[in-house]
Amino acid sequence: MSAPLLTELFGLAGRRAVVTGASRGIGARAAQALDAAGAQVALVARSERELRDVAATLDNEPLVITADLAQDDAAERVAGEITASWGGTDILVNNAGLSRPAPAVELAAADWDAILTLNLRSVFTLTRALAAGMLERGYGRVVNIGSVLGLLGEAWAAPYAASKAGLNGLTRSLAVEWAAHGVTVNTICPGWVDTEMVADLRRDPRFDKRVLRRVAARRWGVPSDMDGALLLLASPGASYLTGQTVVVDGGLSAGW
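Described below are features of the structure shown in this document. Bear in mind that the values here come from a model prediction, so they are computed numbers and not experimental data.

1. Some thoughts on the overall build of the protein
The secondary structure content of the protein amounts to 9 helices and 7 strands. Computed over the C-alpha atoms, the radius of gyration of the protein is 18 Å, within 12% of the 18 Å expected from 2.2 N^0.38 for a compact globule of 256 residues. When its C-alpha atoms are laid out on the principal axes, the protein stretches across 50 × 45 × 40 Å. Taking all 256 residues of the protein together, the buried fraction comes to 47%. In the form shown here, the protein has an accessible surface area of approximately 12,100 Å², with 53% of it arising from carbon and sulfur atoms. Charge centroids of the protein, computed over 24 positive and 27 negative side chains, lie 6 Å from each other.

2. A closer look at helix 6 (residues 158–178)
Between the first and last C-alpha of helix 6 there are 30 Å, a value that for 21 residues agrees with the 30 Å anticipated at 1.5 Å per step. Among the residues of helix 6, those classed as buried are Pro159, Tyr160, Ala161, Ser163, Lys164, Leu167, Asn168, Leu170, Thr171, Leu174, Ala175 and Trp178. Considering only its buried residues, helix 6 is in contact with helix 5 (109–137), strand 5 (140–145), strand 6 (183–190) and strand 7 (245–248).

3. Considering empty space enclosed by the protein
Under the counting rule described, the total for this entry stands at 2 cavities of 30 Å³ or more. Within this model, the largest cavity holds a volume of roughly 40 Å³. Surrounding the largest cavity, Thr20, Leu69, Asn94, Asn95, Ala96, Leu118, Ser122, Val123 and Leu126 form its lining. Ranked by the residues each element gives to the lining of the largest cavity, the list is headed by helix 5, at 4 residues.

4. Notes on the pairing of strand 5
Put simply, side chains in a regular strand alternate between the two faces of the sheet. In terms of residue burial, strand 5 counts as a mostly covered element, since 6 of its 6 residues are buried. Across the two faces of strand 5 the burial is the same, with Gly140, Val142 and Asn144 and Arg141, Val143 and Ile145 all buried. Note: strand 4 (residues 91–94) against strand 5, 4 bridges, orientation parallel. Directly across from Asn94, in strand 5, lies its bridge partner Asn144. In this fold, the crossover linking strand 4 to strand 5 by way of helix 5 has right-handed handedness. Sheet topology note: the strand 5/strand 6 ladder contains 6 bridges and is parallel. Its bridge partner lying in strand 6, Ile145 is registered against Ile188. At this point the chain moves from strand 5, through helix 6, to the parallel strand 6, and the crossover so formed is right-handed.

5. Quick word on the layout of surface pockets
Roughly 1,300 Å³ of internal volume is contained in the largest pocket. Forming the boundary of the largest pocket are 47 residues, of which Gly97, Leu98, Ser99, Tyr160 and Met197 lie nearest the centre. If you list the elements that add at least two residues to the lining of the largest pocket, you get helix 2 (25–36), strand 2 (40–45), helix 5, helix 6 and helix 7 (199–203). Grouping the amino acids of the lining of the largest pocket by side-chain chemistry returns 26 nonpolar, 12 polar and 9 charged.

Quick notes on the rules
Residues numbered from 1 in each chain as written. Predicted model: local features only at pLDDT ≥ 70, side-chain atom pairs only at ≥ 80, totals over all residues. Heavy atoms only, no water. Helix = DSSP H or I, 4+ residues; strand = E, 2+ residues; numbered from the N terminus. Rg over C-alpha atoms; globule rule 2.2 N^0.38 Å. Buried < 20%, exposed > 50% of the residue type's maximum accessible area, 1.4 Å probe, protein only. Areas by Shrake-Rupley, 256 points an atom, 1.4 Å probe, with all protein chains shown as cover. Lys, Arg positive; Asp, Glu negative; His and termini not counted. Charge placed at Lys NZ, Arg CZ, Asp CG, Glu CD. Expected span 1.5 Å × (residues − 1). Contact = heavy atoms within 4.5 Å. 1 Å grid on protein atoms, 1.4 Å probe; cavity = no way out; pocket = protein on both sides within 12 Å on 5 of 7 lines; lining within 4 Å. Points joined across faces, edges and corners; volume = space filled by probe spheres on them. Pairing = 2+ DSSP bridges. Right-handed = clockwise from strand over helix to strand, strands pointing away. Nonpolar A, V, L, I, M, F, W, Y, C, P; charged D, E, K, R; others polar.

Function cannot be inferred from these measures alone, as they are strictly geometric.
Below you can see the structure in the form of C-alpha cells.
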C-alpha cells in the first residue's frame, strides 16, 4: 500500500477532535494519539491544571475546555465553545466516565443517578450537540469509550455496567440514524486497563491475580493499547465501519 493511500485512509492532518475526560488515563492518551496522527485536539475535563499538563504534551495547538459534563448545560456550553473556536469538529471521543463500586443492595439512588448521568446521558447530549455540524458537513466520527463490563457482568458494578451496556445501544441507534449522512458511531470496549480509576483494584493482590488469570494476554491493559482501534475508528478509512463494538481486552471476553 502506497504512502499517499495510507495518508488518505488514516491520516488526521487538518482534522479537529474533541476528547472528554482528557485529563488522565485513556482520555489523555487518546488526545496524544490523535495529536500525533495530525489532528488538533480539544481537551475537555473538570480540572484545568491537569488539562494544561496534557496540553503541554501536544503539538497541534490544543484547545482546553474545563467543564463538568454531568451539569445540565455543560454539553451545550462545550459545543458552543467548540463552534466558536473551530466552527465545529470532525471527531468526538466520549471518554469521560464515573464508577462508584458498591454492593447493589447498599447503592444509593443518588450514586446510580450520578453514574448514569455522566456515563450515558452526557454522552448523548454532547454527541447530539456536536453531531448537528457533522451532519451538515456530511462527515463525522464519533468514538464512544465503553467497557467490557457493558458486555459481561461484574459484582459491585451494577450502575457502571448498566451505563456501558446502554452506551452500546446508543451507539447502534445513532449509527443507523446517521450512516447515510457520512457520520459513523462506534464504541471501543476496553478490558481491565491500569488507570487511576481502578488503582485500588490494581493494588489488591487477589483482584490482580484474578485479572491475570482471566485475561488471555496475562497482563493488565495500558491506555496506549487503545491507540490502534481509536485511530482506525477516527479515520477517513472507517467510512463503512459503523455501529460496532470493538473489544480491546487482551482476550478477556473470548474465554471463560
